2 protein chains.
Amino acid sequence: MATLGELGETALLERIAARVRAAGADRTPGGRLAVGIGDDAAAWRVDGMQVITADAMVEGEHFRASTSSWADVGWKAWVSNVSDVAAMGAEPVAGLVALGLPASFPLCALDALYDGILEARAAYGTALAGGDLVSAQAAFVSVTMTGVCAGDPLTRSAGRAADALAVTGPLGSSRAGLLLLERGAQPDSEARRTLMQAHRRPSARVDAGLALRRLGVRCAMDVSDGLAADVRKLARASGLAARVETGRIPVAGALAHEFGDEAARLAVEGGEDYELLFAAPRAIAEEAVAALPGSAIIGALEEGTPGAAAFLDARGDPVGWDAAGWERFR
Amino acid sequence: MATLGELGETALLERIAARVRAAGADRTPGGRLAVGIGDDAAAWRVDGMQVITADAMVEGEHFRASTSSWADVGWKAWVSNVSDVAAMGAEPVAGLVALGLPASFPLCALDALYDGILEARAAYGTALAGGDLVSAQAAFVSVTMTGVCAGDPLTRSAGRAADALAVTGPLGSSRAGLLLLERGAQPDSEARRTLMQAHRRPSARVDAGLALRRLGVRCAMDVSDGLAADVRKLARASGLAARVETGRIPVAGALAHEFGDEAARLAVEGGEDYELLFAAPRAIAEEAVAALPGSAIIGALEEGTPGAAAFLDARGDPVGWDAAGWERFR
């Protein structure tokens, strides 16, 4: 089985560039890039408010070969960055991929990684504009994504006291799928397949982000580290506390079916669903929820210790579990 | 000594964001970012041709703690990306930093890394717009840099047969400095200090890139992997062969003083000097060389096998050594 070390950098970069060009991946919604993959930098015209984000994923930390294929890793690395652009109420345009891979990395795995990246770039109408390929002992994928915003971007800090808190769709499915994969569960039911797919191939809510901005919402973020962690981030950035009625959090039928009473906790603590969390005056939030099937109001922002969050059960009491979010380096 | 693992992600990100804001690092030449560090994405206005590049550096592959301080690593990660923007004839605007670090990484080393990044961002008038911090066994730094170009970007592929090949300044100093550092040499002479500094704190030639474009040059790249490798890349992208008269390559006085006869080879094979290599019709190249002190015409592009390069001595014979460039994964 051929490895990266056997080909060497020059041949590898040419192989990738040829594939990207053959896939027509240098096209954005606005047209072809002025300079695409293969030069010192990529170039294209932008007129207006640009948004840009960069996130990295590391083998052993963010993904494992046992629960994700390399194509899944490529897909998720791209889509998680598209999701950050969606969370600004912006339209994704083009991305760059900096890869660190061992010399022993199989060429077929590199091809699979690009399968996933190219599928994702096509699914969101984005261009693959360039990047870097370096030698590293543990694999990492660092994606930069750019987008354009037709108005002021949605921010985490724009929440106001008494704003309703809402999410654009069901939470917890990705973590549930990961649990099934880690347990070695077979995809032998529709529910299990749905949850595993939610983990391996999450979607970014670009249309929802654009709709929120059009409807007058100003405060949003994507739920990537889990609602428990992300509600606190949004509240803290807005200088407020938050209250979440856990019974109102939407969950997928497959999650309720497969995990029963655990579903609510997975919805609070699980990450990587890439739905959007937003805050807005109640009338605007209700209009947004009516416009976005699957979305729901789940609580409110309120005066209090910035970043404090209460997660309440159906009787209004704090839930009996920790409701902590995922914290890296811990 | 406190480590990243003891603080946890939330406290680390707040520490970095507070420092970036205190340094005024959310300012570009065009003004403050619309959204800076700490949200899902950064945002600012762009009107015109944008360029964008992403390069990663990995501990043990691109740098070692024995020859570079963490501040040097931060500086070089930023500046190497500024150099890619300079090579397009563009002005750098803002960058993002995705860091992978072990939980055992000392907090003081993280602070030093940001010392170097913030020094570099200030030196080039660029904003630090955001990024990511993830857990990784071996440290890596992946920087994305954006810039704006007032006209068509300089590309590697715009070279024409009979164009003169030229460089904007002396080559080989960075590699020579690395050799001295690896040998444990003391910085006990002006020459040695100059070479070590060239390795630890290289400069990007933003002004030279802008001048080249204004003077009508259309083909350029930066010399990051070494002239031997980079001449071949430029020639290949332009569908041409190249000829380099090695005696014409400018070298620093310190390099000639310290390395004597080895200087020419270091100038051909050494990388990370971040001077610009450009190709242009002879009259334009001569005008550019007259305008840019330290620059020199070193050869020409010519019909032939695309990407082939001849490195000639003073008598017009091929040099007696390999003249291969640095190739990763090998």
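Residues numbered from 1 in each chain as written. Chains lettered and ligands numbered in written order. Predicted model: local features only at pLDDT ≥ 70, side-chain atom pairs only at ≥ 80, totals over all residues. Heavy atoms only, no water.

**Examining the interface of chain B and chain A**
Line of reasoning, step 1. Listed as interface residues are 66 residues of chain B and, on the opposing side, 66 residues of chain A.
Line of reasoning, step 2. Of the roughly 5500 Å² buried where chain B meets chain A, counting both sides, 52% is carbon and sulfur surface.
Line of reasoning, step 3. Inspection of the region where chain B meets chain A yields six salt bridges.
Line of reasoning, step 4. With its nearest N and O atoms 3.3 Å apart, the salt bridge here joins B:Arg156 to A:Asp40.
Line of reasoning, step 5. Our count for the chain B to chain A interface comes out at 25 residue pairs in polar contact (both at pLDDT 80 or more).
Line of reasoning, step 6. Looking at the side of chain B that touches chain A, the elements with two or more residues in it are helix 1 (4-7), helix 2 (9-22), strand 3 (42-58), strand 4 (91-101), strand 5 (127-135), strand 6 (140-149) and strand 8 (219-222) of chain B.
Line of reasoning, step 7. Among the residues making up the side of chain B that touches chain A, the classes are represented as 33 nonpolar, 15 polar and 18 charged.
Line of reasoning, step 8. Examined bridge by bridge, strand 3 (residues 42-58) of chain A and strand 3 of chain B share eleven bridges and lie antiparallel to one another. Note on strand 3 of chain B: the bridge partner recorded for A:Ile52 is B:Ala42. (Contact = heavy atoms within 4.5 Å. Buried area = accessible area lost by both parts, 1.4 Å probe. Salt bridge = Lys/Arg side-chain N within 4 Å of Asp/Glu carboxyl O. Polar contact = N/O pair within 3.5 Å; in protein donor to acceptor, adjacent residues only side chain to side chain. Helix = DSSP H or I, 4+ residues; strand = E, 2+ residues; numbered from the N terminus. Nonpolar A, V, L, I, M, F, W, Y, C, P; charged D, E, K, R; others polar. Pairing = 2+ DSSP bridges.)

**Observations concerning the pattern of salt bridges**
Line of reasoning, step 1. Summed over the entire model, instances satisfying the criterion amount to 44 salt bridges over all chains.
Line of reasoning, step 2. Close ionic contact of A:Arg156 with B:Asp39 constitutes a salt bridge, the shortest N to O distance being 3.8 Å. One end of the pair, A:Arg156, is in the loop between strand 6 (140-149) and strand 7 (164-167); the other, B:Asp39, is in the loop between strand 2 (31-32) and strand 3, on a second chain.
Line of reasoning, step 3. Residue A:Arg156 is classed as buried on the basis of its relative accessible area of 14%.
Line of reasoning, step 4. In this structure, B:Arg201 and B:Glu119 form a salt bridge, with 3.2 Å as the shortest nitrogen-oxygen distance. Of this pair, B:Arg201 sits in the loop between helix 6 (190-200) and helix 7 (206-214) while B:Glu119 sits in helix 4 (residues 107-123), and the two are 82 residues apart along the sequence.
Line of reasoning, step 5. Overall, B:Arg201 belongs to the buried group, its relative accessible area being 18%.
Line of reasoning, step 6. Under the relative-accessibility criterion, B:Glu119 is labelled partly exposed at 40%. (Buried < 20%, exposed > 50% of the residue type's maximum accessible area, 1.4 Å probe, protein only.)

**Points about unusual backbone geometry**
Line of reasoning, step 1. One non-glycine residue, A:Tyr274, adopts positive backbone phi at about 60°.
Line of reasoning, step 2. Tracing the sequence through the fold places A:Tyr274 in the loop between helix 10 (263-269) and strand 10 (276-280).
Line of reasoning, step 3. Under the relative-accessibility criterion, A:Tyr274 is labelled buried at 5%.
Line of reasoning, step 4. At B:Ala162, a residue that is not glycine, the phi angle is positive and equals roughly 80°.
Line of reasoning, step 5. Position of B:Ala162 among the secondary structure elements: in the loop between strand 6 and strand 7 (164-167).

**Digging into the packing of helix 2 (residues 9-22) of chain A against helix 4 (residues 107-123) of chain A**
Residues and elements named next belong to chain A.
Line of reasoning, step 1. Contact geometry of helix 2 with helix 4 gives a least axis separation of 12 Å together with a crossing angle of 30°. Our classification of the angle between helix 2 and helix 4 gives roughly parallel. You can see that helix 2 and helix 4 cross each other, and the crossing is right-handed. When helix 2 is examined against helix 4, the residues Leu12, Arg15, Ile16 and Arg19 are found in contact with a partner set consisting of Leu107, Leu110, Asp111, Tyr114, Asp115 and Leu118.
Line of reasoning, step 2. Among the residues making up the contact of helix 2 with helix 4, the classes are represented as six nonpolar, no polar and four charged. (Axes fitted to C-alpha atoms, helices over the stretch in contact; angles between N-to-C directions. Parallel < 35°, antiparallel > 145°, perpendicular 65-115°, else oblique. Left-handed = near helix turned anticlockwise from the far one by under 90°.)

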